[in-house]
Amino acid sequence: MTITEPFGHRLVAAIEARGALCVGIDPHPGLLQAWDLPDDAGGLERFAMTVVEALGPTVAVLKPQSAFFEAHGAAGIAVLEEVLAATREAGALSILDGKRGDIGSTMAAYAAAYLTHEAPLAADALTVSPYLGFGSLLPTVDVALAEGRGLFVLALTSNPEGHQVQHALGQDEKTVAQSIVDQVGALNAGDDPIGSIGLVVGATIGKTGVDLTSVNGPMLAPGLGAQGATAEDLRAIFADAHGALLPSTSRQVLGAGPSVAKLREVAARTIDEVRAALG
């Protein structure tokens, strides 16, 4: 499907209409077991499609984690294709959580696979890693912007190993994370209401030490709920950020399944909590 409106504009509209929440579709073996489903492609499909049925019509964004589908081989990839199509048909936006990062023709191939309208696995946005150098992302940046889609660039992640890279100082005495933030902000400069190139900033990291005021783009904030972050944490971390904040949760909502009604109930309650905290 050809898209004419930029991703940033579509995301702002989705958040205004449905609330600021992204729900991850993370069908790891523990959740399949909790839903009394087999750890095979059939169980994967029932799990993921139940989530789309429950939340696709009501939540702004769904975020399938590619690895859990890839683990089931070709059958799992077929389920991922089905999930992305069903999400689109239900009216939600999709972020494919693939954290792709490479150079040259390989990165261009990732862009063709996930960000072009003719691709079977096309998503509204893709998570990418800048740690081969920010310039390595340009093939995906160019395609995303041309196709009306978006990117979420890893900037500040909550895993303890990330600190040694993300907080390292460059020759300009900026941290690596600040450099990533600044380069994303430059790509979004002048876009109204926001640009389409976003950041991933963990909701559990506490004080970031990074200036987010120039981002002018979406910020995906994973960690809400089971990972320990609260709606109040979002207010503390992102108080000065300029852009669309998109908190993300997975287990907090998915643990309510397989009941469609309970999935919707927990998601709605989480949206209300975020709205109350952020005003």
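Only a predicted model underlies this, so the values are computations on that prediction, with no experimental measurement involved.

Trainee: Sorry if this is basic, but what is going on with the environment of Pro 130 here?
Mentor: Within the element layout of this structure, Pro 130 appears in the loop between β4 (125-128) and α7 (138-147). Sequence spacing of Pro 130 and Ala 177 is 47 residues, and the spatial spacing of their C-alpha atoms is 9.9 Å. What Pro 130 contacts, discounting residues up to four positions off in sequence, is Leu 137, Val 153, Leu 154 and Ile 180.

Trainee: Explain the sheet that holds β4 to me, please; I cannot follow it from the model alone.
Mentor: Strand pairs in the sheet, formed through backbone hydrogen bonds, run parallel or antiparallel to each other. Strand order in the closed barrel formed by 8 strands is β1-β2-β3-β4-β5-β6-β7-β8, and the pairing between neighbours is parallel. Mean inter-strand twist for the sheet, computed between neighbouring axes without regard to direction, equals 30°. Where strand β6 (residues 197-201) and strand β7 (residues 219-222) come together, 2 bridges link them in parallel fashion. For Leu 199, the partnering residue across the bridge sits in β7 and is Met 219.

Trainee: So what exactly am I meant to see when it comes to the packing of aromatic side chains here?
Mentor: Each aromatic ring pair is specified by the distance between its two centres and by the angle formed by the two planes. Following the criterion strictly, the structure yields 3 aromatic pairs and no others. Pairing Phe 7 with Phe 152 gives two aromatic rings, centres 6.0 Å apart and planes at 90°, and the pair type is edge-to-face. Pair noted here: Phe 7 is in helix α1 (residues 7-18) and Phe 152 is in strand β5 (residues 150-156), with a separation of 145 residues, a long-range link. With a centroid separation of 6.4 Å and an interplanar angle of 15°, the aromatic rings of Tyr 110 and Tyr 114 are classed as stacked. Of this pair, Tyr 110 and Tyr 114 both sit in helix α6 (residues 104-115), separated by 4 residues, roughly a single helical turn. In this structure Tyr 110 comes out as partly exposed when scored by relative accessible area, which is 25%. The exposure class of Tyr 114 is buried, given its relative accessible area of 10%.

About the thresholds
- Residues numbered from 1 in each chain as written.
- Predicted model: local features only at pLDDT ≥ 70, side-chain atom pairs only at ≥ 80, totals over all residues.
- Heavy atoms only, no water.
- Helix = DSSP H or I, 4+ residues; strand = E, 2+ residues; numbered from the N terminus.
- Contact = heavy atoms within 4.5 Å.
- Pairing = 2+ DSSP bridges.
- Axes fitted to C-alpha atoms, helices over the stretch in contact; angles between N-to-C directions.
- Phe/Tyr/Trp six-rings, centres within 6.5 Å; stacked < 30°, edge-to-face > 60°.
- Buried < 20%, exposed > 50% of the residue type's maximum accessible area, 1.4 Å probe, protein only.

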